[in-house]
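Reading the structure
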Amino acid sequence: MVMLAQQSTLAVLLFLLVIALVVGLSCHLIRRSSSPAGYFVASGSVHWGVNGISFVGDYLSAASFLGVGGMIAVAGYDGFLYSIGFLSGWVVLLLLLAEPVRRLGHFTFTDAIDAYFQSRGLRLAAAISTLVVSIFYLIPQMVGAGALITPLLGVPHYVGVLLVGSVVTIIVATSGMVSTTYVQCFKGALLLVVSLVLVGAVLERGFTVDDAGVIVPVVAASAQPADARSLNATGVLGPLDFLQRFYAGDIYQVRADSDGSVSPDFTQKKSGAAILSSGGLFNLASGKFLERIDFISLMLALICGTAALPHILIRYYTVSSNVAARKSTIVAISGVGLFYLLSLFIGLGAMASGTINLADSNMAVPLLAKSFGIVFFAIVTAIAFSAVLGTVSGLIIAASGAVAHDIMDRVLGIKMTALEKVAAGRIAAVIVGCVAIYLGLVFEGMNVSYLAGWAFAVAASANLPALLMALFWQRTTSRGVVAAILSGLVISLALILLSPEMYLRYGYDAIQAPVQLNHPAIIAMPISLLALIVVSLRAKKAPLR
Amino acid sequence: MMQQYTNAKVDLLFRAKLQLGIRLLLCFFSVYAIFVSLHVFKPHWLSAPVVGVSLGLVLSVGLIISTVVLALAFHLLSCRIERTFADQLLQTVTQEKQ
């Protein structure tokens, strides 16, 4: 059985090494971020290959590394559906937005959306949206950070959140996008390599089965269950063989023990066919209307949300040309696609090994690594920690750009020198970092992929209709864009706050929630689009474009 | 004059790539919509075994692979469009010089 709170010196040392590396890198690169262009977009001098891997590092956050793997480990196939939605969003980004956004913007997402209008109101609305989406996406990262630190250092969740928040704030407040890019590139590459190694180890281990051929969720055939039944190992399996055996067989369920570990429950088993079919998270077979709508809404949010995440969009300003922007997106799609394929094996491997924390699904991947040895656990935890660092720093950069560049400079018209603008960005980064720490404490224990789904829904509702129409519909007006952003933002936030999941958080029954939808995109996105069209068409004057 | 001509060409180039992107996106959206619809309306179909695993899993892995293939195809087609435009531009400049 895998213990949750066994600390290892090596793991702690590796963790400290990661912190020392990123902080050292940030301090080393501080001179390259003395100008606003250097601080916010690394002066547009990043190579497309580096940017592509940085995209991978930026995007494969705690929600992907911990959340998707954990969800597959706990819920099976339905967890994998999240990764399909996450990846599909990149197609929208590549085919529609990569080059136009790169062509029209300078520092922030707001630059691209406001390129044809030059409107202060629009800038303010887009900056507020950037802040809200970034903060929403920061929540799962901070929750994931807290979940990681607990088994690693044996400290409470809040210490982990505080630690990550502080380190990231230092990274961003020192050298901005320059160090963020290298941290993300380093982390993206390591994440892919470690995931490959982890999948290799899972396939090499195969399954442990009992006499009846049922998969027993223990890490080794030598482990003796309470009723002393004999266990056998399947030995090394190929990827397809692994999936086929899993599908064809049954697996015993796990139960929580008093010490926090889990052990096989030989009275309950589930078929692999059921686990590799929909039903673990979404009850679609019931035919209930709201279940179906909620699922469609989630898949809509995931495919549309990626293309509307400000911290992803600003990475396009860090390369020198439109072709480089396109090439880096293709590198990102390949890397992200590979990772999600690997996450399927990682999640199923965790389920088959019983390396699950029933109280926190986010811990499945680190615990799986721990079952292969403490060195592996140390490496995976350090990578997962750097995954959080990379994404959080990207989000804080986007948020600080919205404050310093969009609101202070463009909306309020505060005259700042280049150095003052960078200083404003740094102060904004510290404030956003503090907000992120607070929210990471409030949402402790929720699955990070689930929380990321909310961030995607807000981004898809508030930003995507506005961005697409601003770029491609000739009759769009600045007021129409503002209406789209604000309506998308307000409605999606209101629906989240009134959702069954939040009602559980408030301490009420989910059934009491006035809106029985957990994912708001299916309502908020059309309203946002409609608001833009109606307001734009009602404009008396000809559009500025 | 030459600058204006180049800008017009650049706009045409963007438009051509955008049209390509929209066409490919419509194809991808259709596939994605079918994928989601199958889960919503025919979830039992996706439980059917195909090559020893569920159809849903096969489709999901297929969708991931097709996303990567689509991205590469878009890049290659965009490169071809860019080469065509560059050749046309060079031809026009040569003719104007003559």
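Here the structure is a predicted model, which means the values were calculated and not measured.

Things to note about the overall build of chain A
- A tally of regular secondary structure across chain A gives 21 helices and four strands.
- Here chain A has a C-alpha radius of gyration of 23 Å; the compact-globule value for 545 residues is 24 Å, and the two agree.
- Taken along the three principal axes of its C-alpha coordinates, chain A extends 80 × 55 × 45 Å.
- Counting every position in chain A, which comprises 545 residues, the buried fraction comes to 63%.
- Summed over all atoms, the accessible surface of chain A reaches about 18000 Å², with 65% contributed by carbon and sulfur.
- Within chain A, the 23 negative side-chain charges are centred at a point lying 17 Å from the centre of the 30 positive side-chain charges.

Focus: the overall build of chain B
- Helices and strands together make up the secondary structure of chain B, namely three helices and two strands.
- Secondary structure elements in chain B, listed N-terminal to C-terminal, are α-α-β-β-α.
- A total of 98 residues make up chain B; the buried ones form 38% of that total.
- Counting only contacts in chain B whose residues sit at least 6 apart along the sequence, the fraction spanning at least 24 positions is 69%.

Concerning the nonpolar core
- Counting residues in each nonpolar core, the largest one holds 205 residues, and the members touching the most others are Tyr 59, Ile 113, Phe 246 and Tyr 340 of chain A.
- Beyond its immediate chain neighbours, meaning those up to four positions away, Ile 113 of chain A contacts Leu 122, Ala 126, Ala 466, Leu 467, Ala 470, Val 481 and Ile 485 of chain A.

A look at the confidence of the model for chain A
Residues and elements named next belong to chain A.
- Residues of chain A with pLDDT of at least 70 account for 95%, and the chain-wide mean is 85.
- Across chain A, element-level confidence peaks in helix α21 (residues 521–538) with a mean pLDDT of 95 and bottoms out in helix α2 (residues 36–41) with 79.
- Predicted confidence for residues 1–5 stays below pLDDT 50, and this span has 20 contacts to residues more than four positions away or in other chains.

As for the environment of Val 159 of chain A
- Mapped onto the fold, Val 159 of chain A is located in helix α8 (residues 157–205).
- Val 159 of chain A sits 278 residues away from Ile 437 of chain A along the chain, and the two C-alpha atoms are 10.0 Å apart.

Comments concerning the interface of chain B and chain A
- Across the contact, 41 residues belong to chain B and 40 residues belong to chain A.
- Taken as a group, Phe 14, Tyr 32 and Ile 64 of chain B account for 17% of the area that chain B buries against chain A, more than any other trio of residues on that side.
- Taken together, chain B and chain A are joined by two salt bridges.
- Of the charged contacts in the structure, one is a salt bridge between Lys 17 of chain B and Glu 99 of chain A, with a shortest N-O distance of 2.7 Å.

With respect to a nonpolar patch on the surface
Residue and element names in this part refer to chain A.
- On the surface, Leu 10, Ile 374, Val 375 and Ile 379 cluster together into a nonpolar patch covering about 280 Å² of accessible area.
- Looking at the nonpolar patch, the element that brings in the most residues is helix α15 (residues 374–411), giving three residues.
- Along the polypeptide, Ile 379 turns up in helix α15.
- Since its relative accessible area comes to 32%, Ile 379 is described here as partly exposed.

Some thoughts on the side chain of Asp 265 of chain A
Residues and elements named next belong to chain A.
- Checked against the element boundaries, Asp 265 lands in strand β4 (residues 262–271).
- Take Asp 265: its relative accessible area is 10%, and that puts it in the buried class.
- A distance of 2.5 Å separates the side chain of Asp 265 from the side chain of Thr 267, its partner in a polar contact.
- Beyond its immediate sequence surroundings of up to four residues, Asp 265 is in contact with Tyr 252, Gln 253, Val 254 and Arg 255.

A short note on the pattern of salt bridges
- Throughout the structure, instances matching the rule amount to ten salt bridges over all chains.
- Asp 406 of chain A is the salt-bridge partner of Arg 123 of chain A, the closest N and O atoms lying 2.9 Å from each other. Placement of the pair is Arg 123 of chain A in helix α7 (residues 120–153) and Asp 406 of chain A in helix α15, with a sequence separation of 283 residues. As far as the burial class goes, Arg 123 of chain A and Asp 406 of chain A line up, both buried.
- Ionic pairing is found between Arg 255 of chain A and Asp 265 of chain A, a salt bridge with its closest N-O pair at 3.7 Å. Of the two residues, Arg 255 of chain A is situated in strand β3 (residues 250–256) and Asp 265 of chain A in strand β4; the sequence distance between them amounts to ten residues.
- Residues joined by salt bridges that share partners form a network here, namely Glu 99 and Arg 326 of chain A together with Lys 17 and Glu 82 of chain B.

Describing the packing of helix α17 (residues 448–462) of chain A against α21 of chain A
Residue and element names in this part refer to chain A.
- Where α17 meets α21, the axes come as close as 8 Å, and the angle between the chain directions of the two elements is 20°. The pairing of α17 with α21 is recorded here as roughly parallel in orientation. In the packing of α17 onto α21, the handedness of the crossing is right-handed. Each of Ala 457, Ala 460 and Ser 461 in α17 lies in contact with α21, whose residues at this interface are Ala 521, Ala 524, Met 525 and Ser 528.
- Per-class residue counts for the contact of α17 with α21 are five nonpolar, two polar and no charged.

Let's talk about the packing of aromatic side chains
- For the structure on display, the rule yields 22 aromatic pairs over all chains.
- A centroid spacing of 5.8 Å and a plane angle of 50° characterise the contact between Phe 242 of chain A and Phe 345 of chain A, whose relative ring orientation is tilted. With Phe 242 of chain A in helix α9 (residues 239–248) and Phe 345 of chain A in helix α13 (residues 322–353), this pair connects stretches of sequence that are 103 residues apart.
- Phe 242 of chain A sits in the buried class, given a relative accessible area of 1%.
- Residue class for Phe 345 of chain A comes out buried when judged on its relative accessible area of 11%.
- Between Phe 28 of chain B and Tyr 32 of chain B the ring centres are 6.4 Å apart and the planes differ by 20°, which places this aromatic pair in the stacked class. On the criterion of helical spacing, the pair formed by Phe 28 of chain B and Tyr 32 of chain B is a turn pair, its members being four residues apart in helix α1 (residues 2–41).

Description of the side chain of Asn 322 of chain A
- Along the chain, the position of Asn 322 of chain A falls in helix α13.
- Of the residues examined, Asn 322 of chain A reaches a relative accessible area of 19% and is grouped as buried.
- With residues up to four places along the chain from it excluded, the contact list for Asn 322 of chain A reads Glu 99, Arg 102 and Arg 103 of chain A together with Phe 14 of chain B.

Reading the values: rules and limits
Residues numbered from 1 in each chain as written. Chains lettered and ligands numbered in written order. Predicted model: local features only at pLDDT ≥ 70, side-chain atom pairs only at ≥ 80, totals over all residues. Heavy atoms only, no water. Helix = DSSP H or I, 4+ residues; strand = E, 2+ residues; numbered from the N terminus. Rg over C-alpha atoms; globule rule 2.2 N^0.38 Å. Buried < 20%, exposed > 50% of the residue type's maximum accessible area, 1.4 Å probe, protein only. Areas by Shrake-Rupley, 256 points an atom, 1.4 Å probe, with all protein chains shown as cover. Lys, Arg positive; Asp, Glu negative; His and termini not counted. Charge placed at Lys NZ, Arg CZ, Asp CG, Glu CD. Contact = heavy atoms within 4.5 Å. Core = buried A, V, L, I, M, F, W, Y, C linked by side-chain atoms within 4.5 Å. pLDDT = per-residue confidence, 0-100. Buried area = accessible area lost by both parts, 1.4 Å probe. Salt bridge = Lys/Arg side-chain N within 4 Å of Asp/Glu carboxyl O. Patch = residues over 30% accessible without salt bridge, like charges linked within 9 Å, V, L, I, M, F, W, Y side chains within 5 Å. Polar contact = N/O pair within 3.5 Å; in protein donor to acceptor, adjacent residues only side chain to side chain. Axes fitted to C-alpha atoms, helices over the stretch in contact; angles between N-to-C directions. Parallel < 35°, antiparallel > 145°, perpendicular 65-115°, else oblique. Left-handed = near helix turned anticlockwise from the far one by under 90°. Nonpolar A, V, L, I, M, F, W, Y, C, P; charged D, E, K, R; others polar. Phe/Tyr/Trp six-rings, centres within 6.5 Å; stacked < 30°, edge-to-face > 60°.

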